[in-house]
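Here is what each chain is made of, one letter per residue.
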Amino acid sequence: MKEINKEIIKTIKVENDEIIDCYDIYRQPSLSHPLLCNHTIQMRPSSYPKGLKSNELGTLQLPQTWHKYGLYPDETVPIRRKGKNYNPTLLRKHQHPRISPYETQIISPSNSTNDNDEIHEYAIIEVHGNFLGAETKIIFWKQFTETNELSISQIWVADYEHNDINTIEVGWMVHQDLYGDNQTRFFIYWTTDGYMSSGCYNLICNGFVQTTSNISLGCSFSEVSTFNSSQKDAPFSIHKDESSGNWWVQVQGTPVGYYSSSLFTKLSKTTTTIQITNKQNRGQHTSTQMGSGHFPCEGGLKTSSYFNWVQVVDEDNMIKDPENITKWVTNPTCYDLEIDDDHYETNGYGFYFGGPGYNGKCQ
């Protein structure tokens, strides 16, 4: 810790005892990963997918909450310090859900025999093929989540046709065990062995090389959507750099950083699968909300959550609409998803999703 503290250039104290440390970009902790020894940082992507709209390479329209307390100079990276409530044992107990609902045993209250049983609820569209990335706009909401539960809205690039499941995931989440509150926070995640021993959220372990001084992983955004009123969304993307092979993560048009291709056994070499998902992890029947907490059938825009401008990056590095889509909803009486066919001209390919959990039909 003494050696690490030497690399902290500046510290910003945020509300509720949150602390952001500023590190020299060339001495950030992730570079200690064994596969990143003598790694030369790629400061920006060398290429972008063909057909990417110019307005998708913009500025932060929704700043993060910590920005009002100060900003960092160039060639530094802001890293959120683990809070006093951080408990790695508890976090492992409620580990990230497995990649696919097809591999998950859904345990209902009627057949659950252990209070610690975990149920993973999904509302997903899935696209199979050879891809180099994915992007979409995701709406922000502040959700209710019960203790020891989490709710996630994300995109991911994955290969899970083999035992060593590889994923890169990005979006927003509410996770009290991880952050100590119910704020809506930007997150990333990776694994190379199906969530067994590799990978982690954000920068809890080494691996992700951060390049921006404007965004801090694990931090909340300053605004979220209001029911039946203003809607706040942001574009999220993952794409493979044609030159370096690194997998870049972007939010609101800003390159946040990348995962080196050397970390992965599959993503950088063979087939990938793109999935757009909202996940729910719970031990028994719950009132934890997915999305806005409202079903798509309740009214769509300003009521339910949405993903729009959903696109994938094909093998020719071209952005295109997804095709041959599989829709998967594990429990539609609790949470549901509906494809939006009415606003394609203005919002691209998209869908509404969400639900309240416990209700008259969801027992």
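Anything mentioned here points back to the structure above.
Quantities reported herein were computed from a predicted structural model and do not represent experimental measurements. (Residues numbered from 1 in each chain as written. Predicted model: local features only at pLDDT ≥ 70, side-chain atom pairs only at ≥ 80, totals over all residues. Heavy atoms only, no water.)

Asker: Summarise the overall build of the protein chain; cite the residues concerned and give the values.
Answerer: Each helix and strand counted, the protein chain has four helices and 18 strands in total. Relative to its full complement of 363 residues, the protein chain shows a buried share of 56%. Residue pairs at least 24 apart in sequence account for 74% of intrachain contacts in the protein chain once pairs closer than 6 positions are excluded. For the protein chain, the accessible area works out to roughly 15600 Å², and carbon and sulfur atoms hold 46% of it. (Helix = DSSP H or I, 4+ residues; strand = E, 2+ residues; numbered from the N terminus. Buried < 20%, exposed > 50% of the residue type's maximum accessible area, 1.4 Å probe, protein only. Contact = heavy atoms within 4.5 Å. Areas by Shrake-Rupley, 256 points an atom, 1.4 Å probe, with all protein chains shown as cover.)

Asker: Tell me about the state of the cysteines, and name the residues and values.
Answerer: Counted according to the given criterion, the structure contains two disulfides. For Cys-200, the disulfide goes to Cys-205, at an S-S distance of 2.2 Å. Across the disulfide from Cys-200 to Cys-205, rotation about the S-S bond amounts to roughly -90 degrees, and the bridge is consequently left-handed. In this model, Cys-334 is linked to Cys-362 through a disulfide, with the two sulfur atoms separated by 1.9 Å. With the S-S dihedral at roughly 90 degrees, the linkage between Cys-334 and Cys-362 falls on the right-handed side. Within this pair, whereas Cys-334 is found in the loop between strand S16 (325–329) and strand S17 (336–339), its partner Cys-362 is found in the segment after strand S18 (351–354), the two being separated by 28 residues in sequence. Residue Cys-362 is classed as buried on the basis of its relative accessible area of 1%. For the protein chain, the bonded cysteines pair up as 1-2, 3-4 when numbered in the order they occur along the sequence. (Disulfide = S-S within 2.5 Å.)

Asker: Hey, could you go over the pairing of strand S8 (residues 185–191) for me, with residue numbers and the actual values?
Answerer: For S8, a buried count of seven out of seven residues is recorded, marking the element as mostly surrounded by other parts of the structure. Residues Arg-185, Phe-187, Tyr-189 and Thr-191 line one face of S8 and the alternating positions Phe-186, Ile-188 and Trp-190 line the opposite face, and both faces are buried. Of the pairings in the sheet, the one linking strand S7 (residues 166–175) to S8 comprises seven bridges and is antiparallel in character. Each residue of the ladder has a partner; that of Thr-167, found in S8, is Thr-191. (Pairing = 2+ DSSP bridges.)

Asker: Residues and numbers for the pattern of salt bridges, please.
Answerer: Tallied over the full model, the rule gives seven salt bridges. The salt bridge involving Glu-7 is made with Arg-27; its shortest N-O contact spans 3.5 Å. Within this pair, whereas Glu-7 is found in the loop between helix H1 (2–5) and strand S1 (8–13), its partner Arg-27 is found in the loop between strand S2 (19–24) and strand S3 (76–80), the two being separated by 20 residues in sequence. Look at Glu-7 and you get buried, because its relative accessible area is 19%. One salt bridge in this structure joins Arg-81 and Asp-21, with 2.8 Å as the shortest N-O distance. Of this pair, Arg-81 sits in the loop between S3 and helix H2 (88–93) while Asp-21 sits in strand S2, placing them 60 residues apart in sequence. By relative accessible area, which is 3% here, Asp-21 ends up buried. One salt-bridge network, held together by shared partners, links Glu-18, Arg-80, Asp-181 and Arg-185. (Salt bridge = Lys/Arg side-chain N within 4 Å of Asp/Glu carboxyl O.)

Asker: Outline the environment of Asp-24, listing residues and values.
Answerer: Residue placement: Asp-24 occurs in strand S2. C-alpha separation for the pair Asp-24 and Pro-78, spaced 54 residues apart in sequence, amounts to 9.2 Å. For Asp-24, the contacting residues outside a window of four places in its chain are Glu-7, Ile-9 and Glu-75.

Asker: How would you summarise the sheet that holds S2 if you had to cite specific residues and measurements?
Answerer: The three strands are arranged S1-S2-S3 in an open sheet whose pairing can be described as antiparallel. Two strands lie at the open edges of the sheet, namely S1 and S3, each paired on one side alone. Averaged over all pairs of adjacent strands, the angle between their axes in this sheet comes to 25 degrees, without regard to strand direction. Inspection of the sheet shows S1 paired to S2 by five bridges, in the antiparallel sense. In the strand pairing of S2, Ile-8 is matched with Tyr-23. (Axes fitted to C-alpha atoms, helices over the stretch in contact; angles between N-to-C directions.)

Asker: Explain the nonpolar core to me, using residue names and the numbers behind them.
Answerer: One broad trend across soluble globular proteins is that nonpolar side chains are buried collectively. Val-170, Phe-186, Ile-188, Phe-208, Phe-236, Tyr-259 and Phe-264 are the most contacted members of the largest nonpolar core, which totals 57 residues. Of all hydrophobic cores here, the second largest spans 10 residues; its members include Met-173, Phe-187, Tyr-189 and Tyr-195. (Core = buried A, V, L, I, M, F, W, Y, C linked by side-chain atoms within 4.5 Å.)

Asker: Describe unusual backbone geometry, with residues and values.
Answerer: Of note in the backbone geometry, Asn-16 takes a positive phi value of approximately 55 degrees without being a glycine. Following the sequence through the fold, Asn-16 ends up in the loop between S1 and S2. Despite not being glycine, Asn-324 shows a phi value in the positive range, around 50 degrees. Inspection of the secondary structure assignment puts Asn-324 in the loop between strand S15 (319–320) and S16.

Asker: Now, about the pairing of S18: what can you tell me, with residues and values included?
Answerer: Burial along S18 is two-sided: Phe-351 and Phe-353 facing one way and Tyr-352 and Gly-354 facing the other are all buried. In this sheet, S18 lies alongside strand S14 (residues 305–313) in antiparallel orientation, the contact comprising three bridges. Considered in S18, the bridge of Phe-307 is made with Phe-351. Here S17 runs beside S18; their pairing, made up of four bridges, is antiparallel.

Asker: Provide a residue-level description of the environment of Pro-296, including the pertinent values.
Answerer: Tracing the backbone shows Pro-296 in the loop between strand S13 (272–282) and S14. Note on Pro-296: relative accessible area 6%, which makes it buried. Note: C-alpha distance between Pro-296 and Tyr-335 (39 residues apart in sequence) is 9.0 Å. Apart from the residues lying within four places of it in its own chain, the contact partners of Pro-296 are Ser-304, Asp-336, Leu-337, Glu-338, Tyr-352, Phe-353 and Gly-354.

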